[in-house]
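# Working through the structure, step by step
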Amino acid sequence: MSAATRPIGVFDSGVGGLSVLRALRAELPHEQFVYVADSGHAPYGERDDDHVTTRSHAIADYLLGQHQIKALVVACNTATAAAIKTLRAAYPSIPLVGIEPALKPAAAASQTKTVGVMATRGTLQSEKFQALLASLHGQATFVLQPCDGLAIAIEHNDAIKIEALCAEYTGAMGLFGLNSAAMDTLVLGCTHYPFVESVLRRSIGEQVTLLEGGAPVARQTRRLLDAAGLLAPTAAGQSVAPTQFLTTGHVEDLRSAAQRWLQLDTQVGALGV
Ligand code: DGL
């Protein structure tokens, strides 16, 4: 198999990375993807860095060893914050793309210069996030909200819990809207959260700008593949190349999430890494 025809590996602590996969499939329709949901070891955002780093390396090793991936996308803010450095050191020869909360575009987009950030506790406490925040000092006021339990509620599609937690966390953050000093921009700093946008809108209204990182990650993946000469050849007559789905948790959770959010009827394999 030539290097360019190999698949791209994508992983998250669970179903959240499907929001990134959706953008990747749209940006790179000729690429094959192998998606790993580490739901058996989630949530990452409420565990220590060692856990997240160990899991990230185990999955990367598996994807490289068993699927000969040509590139790796870490579709998880928490795993990027904890492990992207050591992953880059361990796999210097493949394009590696991580995701981080979209603070910079949010500061630029905000008119009120007041930006809300919802993310996991792990992401907000990480050195990487704190450095990003410090680099934007003076450009906007950021209201940070750790969202314990929300990723897992989304993982299990628990509508009652999702509704309650979204209302609680947005309520705790303060005023949303276009009035001065209100948050007119909200960063979704966890890849699970784009899937509850409609629930969040019930609390924050329709005018607030929501920012997530899927599309920029997809564009960066294209750039890196292109620079390395690794873009998949365009096969005549092929519309969207196949994606393989694997999970360390419940197969049905990932199968139904892929159907609900990506409109894909797919088989999901159980993974024991
Ligand atoms: N989807 C992950 C992120 O982007 C975190 C979810 C979890 O806590 O496992 O941060």
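Residues numbered from 1 in each chain as written. Predicted model: local features only at pLDDT ≥ 70, side-chain atom pairs only at ≥ 80, totals over all residues. Heavy atoms only, no water.

## Considerations on the sheet that holds strand β6 (residues 141-146)
In plain terms, the rule: Strands qualify as paired when DSSP identifies two bridges or more between them. Each helix is a run of DSSP H or I of at least 4 residues and each strand a run of E of at least 2, with the numbering of both proceeding from the N terminus. Every axis corresponds to a line fitted to the C-alpha atoms, with the helix fit spanning only the stretch in contact, and the corresponding angles, defined between N-to-C directions, vary from 0 to 180 degrees. The criterion used for residue contact is that any of the two residues' heavy atoms lie within 4.5 Å.
Read across the sheet, four strands follow the order β6-β5-β7-β8 without closing on themselves; strand pairing throughout is parallel. Looking at which strands have only one partner, the edges of the open sheet turn out to be β6 and β8 (209-211). Strand-to-strand twist of the sheet, defined as the mean angle between neighbouring strand axes without regard to direction, takes the value 20°. Of the strand pairs in this sheet, strand β5 (residues 114-119) and strand β7 (residues 185-188) are connected by four bridges, and their pairing is parallel. Note on β7: the bridge partner recorded for Val-115 is Thr-185. Relative to β8, helix α9 (residues 197-204) is tilted by about 145°, and along the sheet it contacts β5, β7 and β8.

## Some remarks on the site of the ligand
Keep this limit in mind: Put simply, a residue is near a molecule or strand once any heavy atom of it comes within 4 Å of that molecule or strand. Nitrogen and oxygen atoms within 3.5 Å of one another constitute a polar contact, given that in protein one can donate a hydrogen and the other can accept it, and given that sequence-neighbouring residues count only through two side-chain atoms. Each accessible area value is a Shrake-Rupley result obtained with a 1.4 Å probe; residue values ignore everything except the protein chains displayed when judging cover.
For the ligand, the set of nearby residues contains 13 residues, the closest of which are Ser-13, Tyr-44, Gly-45, Thr-78 and His-192. Within the backbone of Asn-77, one N or O atom sits 2.8 Å away from an oxygen atom of the ligand. Between Thr-191 and the ligand, the recorded distance is 2.9 Å, taken from a backbone N or O atom to an oxygen atom. Contact with the protein chains covers 99% of the free accessible surface of the ligand, which is 300 Å².

## Things to note about the nonpolar core
Going by this rule: In these notes, a set of buried Ala, Val, Leu, Ile, Met, Phe, Trp, Tyr and Cys residues joined through side-chain atoms within 4.5 Å is what counts as a nonpolar core. The cut-offs for exposure are 20% and 50% of the maximum accessible area for each residue type, with area from a 1.4 Å probe on protein chains only; residues under the lower value are buried, those over the upper are exposed, and the others partly exposed.
Grouped together as the largest cluster of nonpolar side chains are 53 residues, with contacts concentrated most on Val-10, Leu-18, Met-118, Leu-186 and Phe-245. If sequence neighbours within four positions are ignored, Leu-18 has contacts with Tyr-35, Phe-195, Phe-245, Leu-254, Ala-257, Ala-258, Trp-261 and Leu-262. With 22 residues, the next largest nonpolar core counts Val-34, Ile-59, Ile-94 and Leu-271 among its residues.

## Details of the state of the cysteines
Note the cut-off: Any two cysteine sulfur atoms lying within 2.5 Å of each other are counted as a disulfide.
Within this structure, the stated rule accounts for zero disulfides. Here Cys-76 is not disulfide-linked; the sulfur of Cys-190 is the nearest cysteine sulfur, at 6.7 Å. Between Cys-147, a cysteine without a disulfide, and Cys-166, which holds the nearest cysteine sulfur, the sulfur-to-sulfur distance is 7.9 Å. Cys-147 sits in the buried class, given a relative accessible area of 2%.

## Focus: the sheet that holds strand β10 (residues 268-270)
Taken together, six strands build an open sheet; the order of strands is β4-β3-β1-β2-β9-β10 and the sheet is parallel. Strands with a single pairing partner mark the edges of an open sheet, and in this sheet they are β4 (96-97) and β10. As paired strands, strand β9 (residues 243-247) and β10 are joined by three bridges and run parallel to one another. Pairing of Leu-246 across the sheet is with Gly-269, part of β10. Sheet strands in contact with helix α2 (residues 49-67) are β1 (8-12), β2 (33-37), β3 (71-74) and β9, and its direction is about 150° off that of β2.

## Digging into the pairing of β7
Each regular strand shows side chains that alternate between the opposite faces of the sheet. The alternating pattern of β7 places Thr-185 and Val-187 and Leu-186 and Leu-188 on opposite faces, both of which are buried. In the sheet, β7 pairs with β8 via three bridges, with the strands oriented parallel. For Val-187, the partnering residue across the bridge sits in β8 and is Leu-211.

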